[in-house]
Amino acid sequence: MYFKLLILVLIFNFFVQKNEIFAQSQTKIDSLLKLLPLADDTAQVKIYRDLSQLYQRKNFKEAYHYAQLARQKAQKTQNFRLIGNTLDYLGSLYVQQGEYVEGLSYKLQALKMFEEKNYKSGLVSLHNNIGYTYYRQNDLLKALYHYRKALEIAENDQNVKTEEDIATYLLNIGEVLADLKQYKDAIEHEERAIKISEKYNIIDNLGYCYGILGKIHRAKNDYPLALNYLQKAVEIFKKLDQPEDISEYLLHIARTCVLQKNYPKALSYAQNALKTAEIADAKEWIKESRNTLSEIHAVMGDVNKAFFYLKKYLSLKDSISNDAIRRQSNNMHILYESEKKEAEIEILKDKAELQTAKLQRRNFWLFGSLIFLALVSALLVLYFYKNAEKQKANNLLTQQKKEIELRNTQINLQNKEIEEKNRDITSSINYAERIQHALLPFEENINALVPQNFILFKPRDIVSGDFYWVQKIKEKIIIVAVDCTGHGVPGAFMTMIADAVLNQIILDKNVTQPDQILNQMHVSIRKTLQQEHTLNRDGMDISVVMIDEKAKTLSFAGAHNPLVLFQNGEQRIIKGDMLAIGGLQLERTRIFTKHTFDISEPTTFYLFTDGFADQFGGKNKKKFMIRRFYNLLAEIQHLD
């Protein structure tokens, strides 16, 4: 009875404390709303952002609403720093909800603005935030690139250098290096960050450093030392009242206890991690806590609870992945609008040219008529009204000249408007190109995975319907070449969808076999474009290669596109299946074929779309054609 009473008192105290927090928060909100009418535009930006932060943990819709108001008000001030910072904040708001595509979109807009203005303070912060966003998506090489850019700017520019910032960038780089299993370099970065943080009393950085060192020593199987560091991190974040970070490192303690086979203790920590993540509404750690609880219950033999948490984990995981794809597809609506405006400009241009031709014909007859009238008038009244009629004719000509000049001015204004719209559309498509390039793998990352390589990528219409995708999953390197339906803006729209689907299948579901990747891509593309219920027949031709470094094998599957492979100077052309990804499907199930080759001896291979073979050239302006292309590859394959 006493135990039940104690639980009741604890629950009551929890709700009382929670209500007190909400009451304090509401008081701050009311105070800020009263200040709004009295503040200028710059001050209102800060007030709206403060309101967004107060709503951040209890009502995302309201937090987003006030963040958007902050952005709109910042744009009125025309202060690029305010505008960029509000875009960065909006992006962080989405990232905290696990909605990385939307968050990255806002942050890239801010990065473009700060690069144009060469605003170093803003750039160093944005590179760090973008690195964190990529890290959350497990894109480690891109995360490392942006973290190192932030550290480079901070260390080389005295105007933006702060020891606190440098400590943050060091610990972030160390965390990525740890995930890349470069433990020695990772520990060195964390120890440097700890020295700076202790010197300047940067408490939260110490928490993050201890947490990362805990994960490193767990990976090195030193579980007691790992638990010691992770407990230190949890204690620091409890003092700072940062529930999202508390839940993250409680979960790491639980996983360490699982490795020690101390399942009751692991269960307790995982349950605390889930409760803390739910209080913070941290979707990422709610999802991971459910997954860990499912694994622990499974090991302990409680199948019902294991299945219960697995269902909850999968439902949240699917919702995050599907939302990301849906938002990425919706974001490409901007490209569609650009294409529509381009068509409108062509119509305006045609109308202007037609109007110019009509005015020229009218002016011709007008001048001819005036000259004829002037001559007839002069002959009829030569002797009686010569001087008076001549003056009238001159006056009439002057008036007509003014009218013509006015019309010419109107035409010039219309032409100027068309030129401005052309510039706007070109600027929009150039920015779309920047977005598309941001999704392509970095050259330095590809060189790290496959040192001997080259890429020829030359879009015809600024943005491209072709793209490539490279990632490493454990000991397997996945390389993909994709040719989407259409060129320019429509083709770029399809590449965004294809990139999102590849990320979901390979990175989220860990599918690495080329034929399985194509099988699942076909189903996902048809589902995303609703091709079962519409007349949409868009799709893509793809070639996928998986290199197994451990087994020394290369596996290939293709949808229309082939693989060209050379060993000992011998050329082999492995054709893909004569089936596309997406589009019309007459068969019941579409299955692709996998081909596997031994690459223990020197091997050269090529993936490509039809772009090169379809080029026109030579004296007779003929297509290059695929046979010439195969011969060309045979001639150059021995070169570096």
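Preceding this paragraph is the structure being described.
Basis of the calculations
Residues numbered from 1 in each chain as written. Predicted model: local features only at pLDDT ≥ 70, side-chain atom pairs only at ≥ 80, totals over all residues. Heavy atoms only, no water. Helix = DSSP H or I, 4+ residues; strand = E, 2+ residues; numbered from the N terminus. Buried < 20%, exposed > 50% of the residue type's maximum accessible area, 1.4 Å probe, protein only. Contact = heavy atoms within 4.5 Å. Areas by Shrake-Rupley, 256 points an atom, 1.4 Å probe, with all protein chains shown as cover. Pairing = 2+ DSSP bridges. 1 Å grid on protein atoms, 1.4 Å probe; cavity = no way out; pocket = protein on both sides within 12 Å on 5 of 7 lines; lining within 4 Å. Points joined across faces, edges and corners; volume = space filled by probe spheres on them. Nonpolar A, V, L, I, M, F, W, Y, C, P; charged D, E, K, R; others polar. Salt bridge = Lys/Arg side-chain N within 4 Å of Asp/Glu carboxyl O. Axes fitted to C-alpha atoms, helices over the stretch in contact; angles between N-to-C directions. Phe/Tyr/Trp six-rings, centres within 6.5 Å; stacked < 30°, edge-to-face > 60°. Lys NZ or Arg CZ within 6 Å of the ring centre and 35° of its normal. Core = buried A, V, L, I, M, F, W, Y, C linked by side-chain atoms within 4.5 Å.

1. Topic: the overall build of the protein chain
Stage number 1. Each helix and strand in the protein chain was counted, giving 21 helices and 11 strands.
Stage number 2. In the protein chain, which comprises 640 residues, the proportion classed as buried is 43%.
Stage number 3. The contacts of the protein chain with a sequence gap of at least 6 include a subset with a gap of at least 24, amounting to 61%.
Stage number 4. In the structure as shown, the protein chain presents an accessible area of about 36,100 Å², 53% of it carried by carbon and sulfur atoms.

2. Structural notes on the pairing of strand S3 (residues 539-548)
Stage number 1. By the criterion of burial, S3 is predominantly enclosed, with 9 of the 10 residues buried.
Stage number 2. One ladder, built from 9 bridges, connects strand S2 (residues 476-484) with S3; its direction is antiparallel. Note on S3: the bridge partner recorded for Cys484 is Met540.
Stage number 3. One ladder, built from 2 bridges, connects S3 with strand S7 (residues 581-582); its direction is antiparallel. Of the residues in S7, the one forming a bridge with Gly539 is Gly582.
Stage number 4. The turn linking S3 back onto strand S4 (residues 553-559) is made up of 4 residues, and Lys552 within it adopts a positive phi angle of 55°.

3. Side note on empty space enclosed by the protein
Stage number 1. Evaluated as defined, the whole model comprises 1 cavity of 30 Å³ or more.
Stage number 2. Taken as a whole, the largest cavity encloses approximately 50 Å³ of empty space.
Stage number 3. Lining the largest cavity are Gln436, Leu439, Leu440, Phe467, Thr495, Met496 and Asp499.
Stage number 4. Among the elements that take part in the lining of the largest cavity, helix H19 (residues 488-508) stands out by supplying 3 residues, more than any other.
Stage number 5. Class assignment for the residues of the lining of the largest cavity results in 4 nonpolar, 2 polar and 1 charged.

4. Section: the pattern of salt bridges
Stage number 1. Tallied over the full model, the rule gives 16 salt bridges.
Stage number 2. Between Glu244 and Arg136 there is a salt bridge, with the nearest N and O atoms lying 3.0 Å from each other. Placement of Glu244 in helix H12 (residues 243-259) and of Arg136 in helix H6 (residues 120-136) is noted, with a sequence separation of 108 residues between them.
Stage number 3. With relative accessibility at 13%, the residue Arg136 sits in the buried group.
Stage number 4. A single network of salt bridges, built from pairs that share partners, joins Arg255, Glu284, Lys287 and Glu288.

5. Observations concerning the environment of Pro441
Stage number 1. Structurally, Pro441 can be placed in the loop between helix H17 (386-439) and helix H18 (443-449).
Stage number 2. Note on Pro441: relative accessible area 15%, which makes it buried.
Stage number 3. Separated by 27 residues in the primary sequence, Pro441 and Tyr468 place their C-alpha atoms 7.8 Å from one another.
Stage number 4. Not counting residues within four places of it along the chain, the set of residues in contact with Pro441 comprises Ile446, Tyr468, Trp469 and Val470.

6. Quick look at the sheet that holds strand S9 (residues 603-606)
Stage number 1. Here we have 3 strands laid out as an open sheet, ordered S6-S5-S9, and antiparallel in their pairing. Two strands lie at the open edges of the sheet, namely strand S6 (570-574) and S9, each paired on one side alone. Each adjacent strand pair in this sheet contributes to an overall mean axis angle of 20°, direction not counted.
Stage number 2. Two elements, strand S5 (residues 563-567) and S9, share 4 bridges in a ladder whose sense is antiparallel. Bridge pairing in S9 links Leu565 to Phe605.
Stage number 3. Sheet strands touched by helix H21 (residues 626-636): S5, S6 and S9. Its angle to S6, the strand with the most contacts, is close to 140°.

7. Some words on the packing of aromatic side chains
Stage number 1. Evaluated as defined, the whole model comprises 18 aromatic pairs.
Stage number 2. Each ring, one from Phe566 and one from Tyr606, has its centre 6.0 Å from the other, and the planes form 85°; the classification is edge-to-face. With Phe566 in strand S5 and Tyr606 in strand S9, this pair connects stretches of sequence that are 40 residues apart.
Stage number 3. Members of the aromatic cluster, each reached through a chain of ring pairs, are Phe608, Phe612, Phe624 and Phe629.
Stage number 4. The cationic tip of Lys117 hangs over the ring face of Phe80; the distance from NZ or CZ to the ring centre is 5.7 Å.
Stage number 5. Here the basic side chain of Lys232 rests over the ring of Tyr210, its NZ or CZ set 5.1 Å away from the ring centre.

8. Observations regarding the pairing of S4
Side-chain direction in a regular strand flips from residue to residue, so the side chains alternate between the two faces of the sheet.
Stage number 1. By the criterion of burial, S4 is predominantly enclosed, with 6 of the 7 residues buried.
Stage number 2. For S3 and S4, the ladder comprises 7 bridges, and the chain directions are antiparallel. Among the inter-strand pairings, Met546 is bridged to a residue of S4, identified as Ser555.
Stage number 3. In this structure, S4 lies alongside strand S8 (residues 595-598), joined through 4 bridges in antiparallel fashion. Across the sheet, Ser555 pairs through a bridge with Thr596, a residue of S8.

9. So, the nonpolar core
Stage number 1. Counting 93 residues, the largest nonpolar core has Leu51, Val176, Tyr210, Ile216, Tyr249 and Ile253 as its most contacted members.
Stage number 2. Top contributing element to this core by residue count: helix H8 (residues 163-179), with 9 residues.
Stage number 3. Contacts of Leu51, omitting those with residues within four sequence positions, involve Ile29, Leu32, Leu33 and Tyr66.
Stage number 4. In this structure, Trp469, Cys484, Met521 and Ile547 belong to the second largest nonpolar core, which totals 45 residues.

This is a description of form; function is not addressed.
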